[in-house]
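So you can see what is in the structure, the chains are spelled out below.
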Amino acid sequence: MNPASVRITGWGMYAPERILSNADLERVVDTSDEWITSRTGIRERRVAAAHETTATLAAIAGKRAVAVAGLEPDDIDVILVATLTPDYWMPSTGALVKEALGNTRAAAMDVMAACSGFVYAYSVADAYVRSGLYKNALVIGSETLTRFLDFSDRSTCILFGDGAGAVVLSGSDEAGGGMQGLEMTTDPDGAYMIWLPSGGSRSPVSGGTLARGEHYVRMEGRETYRFATKTMATTALKAIERAGWTADEIDLFIPHQANVRIIESVAKGLNLPMDKMFVNLDRYGNTSAASVGIALAEAVDSGRIKIGDKIVLVAFGAGLTSGGIALEWTTDPTCGARAASVEPVASVREPVEWGQVDPIPERLRQILEGEGPPVPLDDVAPGEPEHAHREVLA
Ligand code: UT7
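A brief structural summary. Since this is a predicted model, take the numbers as computed values, not measurements. Residue positions are given per chain, counting from 1 as you read along its sequence in written order. Given that this is a predicted model, residues contribute local features only at a pLDDT of at least 70 and side-chain atom pairs are listed and counted only at 80 or more, while totals for whole chains, interfaces and linings are drawn from all residues.

1. Let's talk about the sheet that holds strand β7 (residues 162–172)
1) Next: Strand pairing follows a simple DSSP-based rule, namely that at least 2 bridges must link the two strands. Each helix is a run of H or I in the DSSP string that is no shorter than four residues. Each strand is a run of E no shorter than two, and both are numbered from the N terminus. Strand order in the open sheet formed by five strands is β1-β7-β6-β4-β5, and the pairing between neighbours is mixed. Two strands close off the open sheet at either side, each with one partner strand: β1 (5–14) and β5 (107–111). Going across the sheet, the axis of each strand differs from the next one's by a mean of 20 degrees, ignoring polarity.
2) Next: The pairing of strand β4 (residues 78–82) with strand β6 (residues 136–144) spans five bridges and is parallel. Paired with Val-78 across the bridge in β6 is Ala-137.
3) Next: Note on contacts: each residue gets a C-beta atom placed from the backbone, and two residues are in contact if those atoms are within 7 Å. Inter-axis angles, ranging from 0 to 180 degrees, are taken between N-to-C directions of lines fitted to C-alpha atoms, where helices are fitted over the stretch in contact. Relative to the sheet, helix α11 (residues 291–301) contacts β1, β6 and β7, its axis offset from that of β7 by approximately 70 degrees.

2. Digging into the nonpolar core
Nonpolar side chains in soluble globular proteins generally cluster together in the buried interior.
1) Next: Formed by 124 residues in total, the largest nonpolar core has its most connected members in Val-97, Val-139, Ala-236, Ile-254 and Val-312.
2) Next: In terms of residue count, the dominant contributor to this core is helix α3 (residues 54–68) (10 residues).
3) Next: In this structure, Ala-236 is in contact with Phe-253, Val-266, Leu-270, Val-312, Val-314 and Gly-324, ignoring residues within four places of it in sequence. Definition of nonpolar core: a set of buried Ala, Val, Leu, Ile, Met, Phe, Trp, Tyr and Cys residues joined via C-beta atoms within 7 Å. Burial is judged by counting the other C-beta atoms within 10 Å of a residue's own C-beta: 20 or more makes it buried, 12 or fewer makes it exposed, and any count in between marks it as partly exposed, with every C-beta position built from the backbone.

3. Some points on the pairing of β7
1) Next: Where burial is concerned, most of β7 is hidden: 10 out of the 11 residues are buried.
2) Next: As defined by bridge partners, β1 adjoins β7 across nine bridges and the pair is classed as antiparallel. The partner of Tyr-14 across the bridge, within β7, is Ala-164.
3) Next: Two strands pair when backbone bridges link them, and β6 and β7 are joined in this way by nine bridges, in the antiparallel orientation. Note that in β7 the partner of Glu-143 across the bridge is Gly-163.

4. Topic: the packing of helix α8 (residues 221–242) against helix α9 (residues 260–269)
1) Next: Taken N-terminus to C-terminus, the directions of α8 and α9 make an angle of 40 degrees; their axes are 9 Å apart at the nearest point. As far as their axial angle goes, α9 and α8 are oblique. Where α8 crosses over α9, the two elements pack in a sense that is right-handed. Two secondary-structure elements touch here, α8 through Tyr-225, Ala-228, Thr-229, Met-232, Ala-233 and Ala-236 and α9 through Ile-262, Ser-265, Val-266 and Gly-269.
2) Next: Gly counts as polar in this scheme, as do all residues outside two lists: the nonpolar Ala, Val, Leu, Ile, Met, Phe, Trp, Tyr, Cys and Pro, and the charged Asp, Glu, Lys and Arg. Classifying every residue of the contact of α8 with α9 by side-chain character gives seven nonpolar, three polar and no charged. Note on angle classes: values under 35 degrees are labelled roughly parallel, values over 145 roughly antiparallel, values of 65 to 115 roughly perpendicular, and the remainder oblique. By definition, any crossing whose near helix is turned counterclockwise from its far helix by less than a right angle is left-handed, and any crossing with a clockwise turn is right-handed.

5. Thoughts on the sheet that holds strand β8 (residues 178–186)
1) Next: With mixed pairing, the four strands of this open sheet are ordered in space as β8-β13-β12-β11. Lying at the two open borders of the sheet, with one neighbouring strand each, are β8 and β11 (252–255). Each strand axis lies, on average, 15 degrees off the axis of its neighbour in the sheet, ignoring direction.
2) Next: Sheet topology note: the β11/strand β12 (residues 310–317) ladder contains four bridges and is parallel. Note on β12: the bridge partner recorded for Ile-254 is Leu-313.
3) Next: Its contacts with the sheet place helix α5 (residues 117–131) against β8, β12 and β13 (321–328), and it is angled at close to 55 degrees to β13.

6. Structural notes on unusual backbone geometry
1) Next: The linkage connecting Met-90 with the following residue, Pro-91, adopts the cis geometry, with an omega of 5 degrees.
2) Next: Of note, the amide linkage connecting Gly-319 to Leu-320 takes the cis form, showing an omega dihedral of -15 degrees.
3) Next: In this structure, Ala-114 takes a positive phi of about 50 degrees despite not being glycine.
4) Next: The topology assignment puts Ala-114 in the loop between β5 and α5.
5) Next: Look at Ala-114 and you get buried, because 23 C-beta atoms sit within 10 Å.
6) Next: Even without a glycine there, the phi angle at Ser-288 is positive, about 50 degrees.
7) Next: Tracing the sequence through the fold places Ser-288 in the loop between α10 (281–284) and α11.

And the structure:
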């Protein structure tokens, strides 16, 4: 039977302990704290420890969300993990997370829509629950982006960080609340604005791809910025209109945490003050698919959201994708305290016959240990991003 509504009943987040500050990055690329804070708003980001992976981060955030919802792990019917940094290409990170949660019965899978992943996964979970197929869905955005960054490319390595955010969506017999409006876009014109060239079927990993640094994230920053400022406001507005609301009725926006200037421009575009925009990128940087989930959990737990509030989640990312959800908040924010019962540890199944692998890239480890020579300004990786772009398009 279809529920009368689909509501957020649980939320949770996890950020690894280790902090990588702008000052740490000043030591390895030609940048400055002043440049990074004034151009992006980012002051520091988190780095997953060697024993952590996207799945372990996801499992901690997921366990917290399940605890906040007052559920047992086995009450969850479906698990969706949004990520662009999975533990492996297969199995899905969702499959590993399911076991780590202690769930024995859910369907589990990954959703790949880059930084819009949390919003996309939320929409899929909402549809399952709304249709009556499942009662409780766990949506997690989780990333270990610091393992996919070229720490000699100052235009990308300063932006991204690691973390996970989660919500539980549950069917309710009470009408009202939850998602009221949804808008999602995908614009393949911008397919190569943010991309990771090698490792897929178009360019399997080889000595050549490694030498050219094609296993790292690449980005056309200015183009992406332009897309983001245009799309975030229109996507949010479409979702708001579909809910039958107006922008000035929204109590709080939870935007993707990419750059504070992008968030400021969304506020300006919607003619709203910045205090309607939740911002925590100063502490986490851009955590891609995790960012909206982390921001939502922090917003509720810090008292910024109360029952009856109209909230907008809005994100953009590689694809190019965008997604916006206008929702009404229904759950007592004090339930967030239940997350404290969950220790920040998760045990994820190890592969069989797997030797010791150090997942921290060498250059990142040097940075974390305070070593590493400064690199020349323009080295990026041998083979400019523009080259790779043309090769793949050809
Ligand atoms: O989840 C989606 C992920 N992507 C994004 O959100 C990215 C969106 N784009 C941005 O946030 C911004 O475009 C950036 C933060 C990436 C760059 O800021 P910008 O104000 O657009 O700078 P720019 O790319 O126009 O570069 C201006 C200058 C350039 O030098 P020249 O050519 O003017 O001499 C860059 O080489 O700043 C230089 N630059 C840096 N300088 C110091 C680029 N990165 C850095 C750096 N430190 N880290």
